[in-house]
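A structural walkthrough
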Amino acid sequence: MGSTEEGPEISGGVDGVAVVEALSGVVEEVTALPENRGPLRRMSFDLAQRVKLLAPLFDELRDDAGSIRPDELRGLESLRVALVEAKEILRLVNAGSRLYQVLRSSKFEISFQMATESIEKAINEICLDNLNIPLEVKEQIELLHSHLHRAKETVELPDLQLHRDLSWALNENYSDISVIKRISEKLQLKNKNDIIKESVALNEMVISSDGEPDVSLDDMSLLLKKINDCVLSENLASASMDRKTSFSKHRSPVIPDDFRCPMSLELMKDPVIISSGLTYERSYIQKWLENGHKTCPKTQQPLSHTILTPNFILKSLIVQWCDANGIELNKKHSKPENNSDCNQAGIKALMSKLANGSQEEQRAAAGELRLLAKRNADNRICIAEAGAIPLLIQLLSSPDPRTQEHAVTALLNLSINDDNKHIIVKEKAIPKIVEVLQSETMEARENAAATLFSLSVVDSNKILIGEAGAIPLLISLLCEGSPRGKKDAATAIFNLCIYNGNKLIAVKAGIVDHLITMLVDPTLGMIDETLAILAILSNNQDGKTAIASSHPIPLLVKLMKSGSSRVRESAAALMYSLCSGVEQNLKVAKEVGAEEALKELLETGTERAKRKAGSLLALMHQGAEPSEIAYTCVEQNAA
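All figures in this text were calculated on a predicted structure; none of them were measured in a lab. (Residues numbered from 1 in each chain as written. Predicted model: local features only at pLDDT ≥ 70, side-chain atom pairs only at ≥ 80, totals over all residues. Heavy atoms only, no water.)

**Some words on the overall build of the chain**
Cut-off, in case you're wondering: Numbering goes from the N terminus for both helices and strands, where a helix is a DSSP run of H or I of at least four residues and a strand is a run of E of at least two. Think of it in three bands: with a 1.4 Å probe and only protein chains considered, a residue is buried below 20% of the maximum accessible area for its type, exposed above 50%, and partly exposed in between. The contact criterion used throughout is that any non-hydrogen atoms of two residues lie within 4.5 Å. Each accessible area is a Shrake-Rupley estimate made with a 1.4 Å probe; only the visible protein chains count as cover when residues are assessed.
For the chain, the count of helices and strands is 35 helices and 3 strands. Residues counted as buried form 48% of the 639 residues belonging to the chain. Across the chain, every contact between residues at least 6 apart in sequence was considered, and the portion connecting residues at least 24 apart equals 71%. Summing over all exposed atoms, the chain offers an accessible surface of approximately 30,700 Å²; the carbon and sulfur share of this is 50%.

The structure is reproduced here in structure tokens:
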């Protein structure tokens, strides 16, 4: 179809960072394309939305791109090629002749189908289990893959009215103004600019096809002339307005079958997936289940469980389709609670599964609560009021790693609400969350660390978390975790060490040696976090002594010379803390050339970096005030 553009070279070693950046770039380019207003707008909209829904996957992969396995990288490269082809189709359709597109609609439908199939095939080559991505993203990509699989087999129904109008209008002697206006509106050729753009597109098409397009240029020129005459007529504006009003009152866009509930055949507002894999409107399937049915309404397949899982991908597509067609999705919903994911019957069923269900049912229920708690503030309040928190805390000790992971992540999402933080701590969850830091699954450990950080926002909780033994386990995660796990652990450790007692615990647990090791290796991408933790530890005498014994000053000078503005600032702040009142450290700083780096920082650093640099230079030139040192350095540089 179009150019596939050159991508990262795939040889013995694949540049994962380049592949992920290229994928993100394609999605951004598709997002930047203008909305298609021509006869292929439905197909264009659907394809563009499917491409955009891949963005969360690429965002997550950015943090861990360097460790993606070769097989998955090859799959991602195939996906990049497929997305570039999809982008080219969208670009060509946007810029192309609308008359040609409608007269050769079957040709374009094949192109769109092939693009959808290529994306589906590429995703199928990627083992999502081998990627370091959150469960929510994995499940959304799986749902998108399922939707793509169905979409590639769906045939776009032709607009029979439009094709009848075109067949009449192509007759040179036919001049029914109402038919021409209908064509003009459907092709969105309604003003002078539209006509000029269409004329240019036709001309470029003739040039690119060596003067021999597969549709008669005379036919297309005849149609364009009739439409142009119609647009220029004095009565077009009022007639078009009347017709538009009439259409809006008496006609509605055809709802795609995938957007209809199989039970009600109406547009779904809250689509949910049942265990058979089919999607239904929540209110209809809920009523079906409450009436005692234990089978799928459409297939009659027995249901293995009655958990309803929100179909976020489909709902997103429905919302976008409604926006594009001027439909108010929630128009019939007058009460706020009707828009909530947490209906009373559904939450009651989930509570029952958590308390008394089998291991599989508990896992599924905790997983749905995890997703619901992530979605919005009202859900977090509703779930807590239903009594879910104590039940989720019990599941932190589950022998099933996936259930444990769902439970701790649900608590993480619930803890965003300040009242829920209080409930979680009151229910003595902290020791059990700390235990999850030793879980079999890395995602559970990461989310346990994130939960402890969330709870540690309350000062009194910092003490409880430190006393529960979290800090040594967070240090282990800092050393062993994935890039995301390291950042979660670092954030939690930093916040906990605001409390002085936790600084001593961290130092005794050997954190300084680990931090210095991470500081030496820039490929870990943890320099900012490492410097921040070292700086806060240096405010404690034991911490300062431990840091100084690792001889970090030469490294700090190097970072002040070559690091980012933020790194330079943090390195200067740490060096100032180490050198204040410690003559030996100050001497080492002078010997390794710190003065030159500090003078440069005085001129080019951030405001805080300038203050620290001035203070350090003042220490090196005992008796001079920091402001005097700053002035002298600037004068010297100016000279």
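**Some points on the nonpolar core**
For clarity, the threshold we go by: Residues enter a nonpolar core if they are buried and are Ala, Val, Leu, Ile, Met, Phe, Trp, Tyr or Cys, with the set joined through side-chain atoms within 4.5 Å.
Of all hydrophobic cores here, the largest spans 93 residues; its most connected members are Leu 392, Leu 537 and Met 575. By residue number, the principal contributor to this core is helix H31 (residues 565-579), which donates 7 residues. Membership of the second largest hydrophobic core comes to 64 residues, among which are Phe 45, Leu 144, Leu 148 and Leu 314.

**A look at helix H20 (residues 418-426)**
The condition that has to hold: It is the directions from the helix axis to the C-beta atoms whose arc is reported. Within 3.5 Å is the distance limit for a polar contact, defined as a pair of N or O atoms, with the added protein rule that one can donate a hydrogen and the other accept it, and that residues adjacent in sequence qualify only through two side-chain atoms.
Taken as a whole, H20 has its buried residues at Asn 420, Lys 421, Ile 424 and Val 425. Down the axis of H20, the smallest arc covering the buried residues is 135°, so these residues share one side. Across from the buried face of H20, at angles greater than 90 degrees, the exposed residues are Asp 419, His 422 and Lys 426. Check the buried side of H20 and you find it contacts helix H17 (377-385), helix H18 (388-395), helix H19 (401-414), helix H21 (430-436), helix H22 (442-455) and helix H23 (459-467). By the N-cap criterion, in which a side-chain oxygen at the helix start approaches the backbone nitrogen of a residue two or three places on, H20 is capped by Asn 417, the distance to Asp 419 being 2.9 Å. Lys 428, located one to two residues past H20, shows a positive phi value of around 60°.

**Digging into the sheet that holds strand E1 (residues 271-273)**
Whether parallel or antiparallel, the strands of a sheet pair through hydrogen bonds between backbone atoms. Cut-off, in case you're wondering: Paired strands are those between which DSSP finds at least two bridges.
If you walk across this open sheet you meet the 3 strands as E2-E1-E3, and the pairing is antiparallel. Sheet topology places strand E2 (279-281) and strand E3 (309-310) at the edges, where each strand pairs with a single neighbour. The pairing of E1 with E3 spans 2 bridges and is antiparallel. In the strand pairing of E3, Val 272 is matched with Pro 310.

**Overview of the packing of aromatic side chains**
Stated formally: Aromatic contacts are taken between Phe, Tyr and Trp rings whose centres are within 6.5 Å, Trp giving its six-membered ring; a plane angle under 30 degrees counts as stacked, one over 60 as edge-to-face, and the others as tilted.
Scanning the model with the defined rule gives 1 aromatic pair in all. Judged by centre distance (6.0 Å) and plane angle (70°), the rings of Phe 259 and Trp 321 are edge-to-face. Of this pair, Phe 259 sits in the loop between helix H12 (236-250) and E1 while Trp 321 sits in helix H14 (residues 312-324), placing them 62 residues apart in sequence. For Phe 259, a relative accessible area of 5% corresponds to the buried category.

**Let's talk about the environment of Leu 371**
Along the chain, Leu 371 falls in helix H16 (residues 359-375). Taking the C-alpha atoms as reference points, Leu 371 and Ala 410, 39 residues apart in sequence, are found 7.5 Å from one another. Those residues in contact with Leu 371, other than ones at most four positions away along the chain, are Glu 136, Glu 139, Thr 309 and Phe 312.

**Digging into the packing of H22 against helix H24 (residues 470-480)**
To keep it simple, the criterion reads: In this description, a line fitted to the C-alpha atoms serves as the axis of each element, helices being fitted only across the stretch in contact, and the angle between N-to-C directions of two axes falls anywhere from 0 to 180 degrees. By definition in this entry, angles of less than 35 degrees are roughly parallel, angles greater than 145 are roughly antiparallel, angles of 65 to 115 are roughly perpendicular, and the rest are oblique. Handedness of each helix crossing follows the sense of rotation of the near helix against the far helix: counterclockwise by less than a right angle gives left-handed, clockwise gives right-handed. Asp, Glu, Lys and Arg are counted as charged, while Ala, Val, Leu, Ile, Met, Phe, Trp, Tyr, Cys and Pro are counted as nonpolar; the rest, among them Gly, fall into the polar class.
Between H22 and H24, the least distance of the axes is 11 Å, while the angle of their chain directions is 130°. It follows that H22 is oblique to H24 by the angle criterion. Of the two elements, H22 crosses H24, and the hand of that crossing is left-handed. The segment H22 lies against H24, with Met 442, Arg 445, Glu 446, Ala 449 and Leu 452 engaging Ala 470, Leu 474, Ser 476, Leu 477 and Glu 480. Its residues assigned to classes, the contact of H22 with H24 comprises 6 nonpolar, 1 polar and 3 charged.

**Focus: the side chain of Asn 585**
Along the chain, the position of Asn 585 falls in helix H32 (residues 583-591). Using a relative accessible area of 9% as the deciding quantity, one classes Asn 585 as buried. Within the local environment of Asn 585, its side chain forms a polar contact with the backbone oxygen of Leu 578, the two atoms lying 2.9 Å apart. Filtering out sequence-adjacent residues up to four positions away, Asn 585 remains in contact with Ala 548, Ile 553, Leu 578 and Cys 579.

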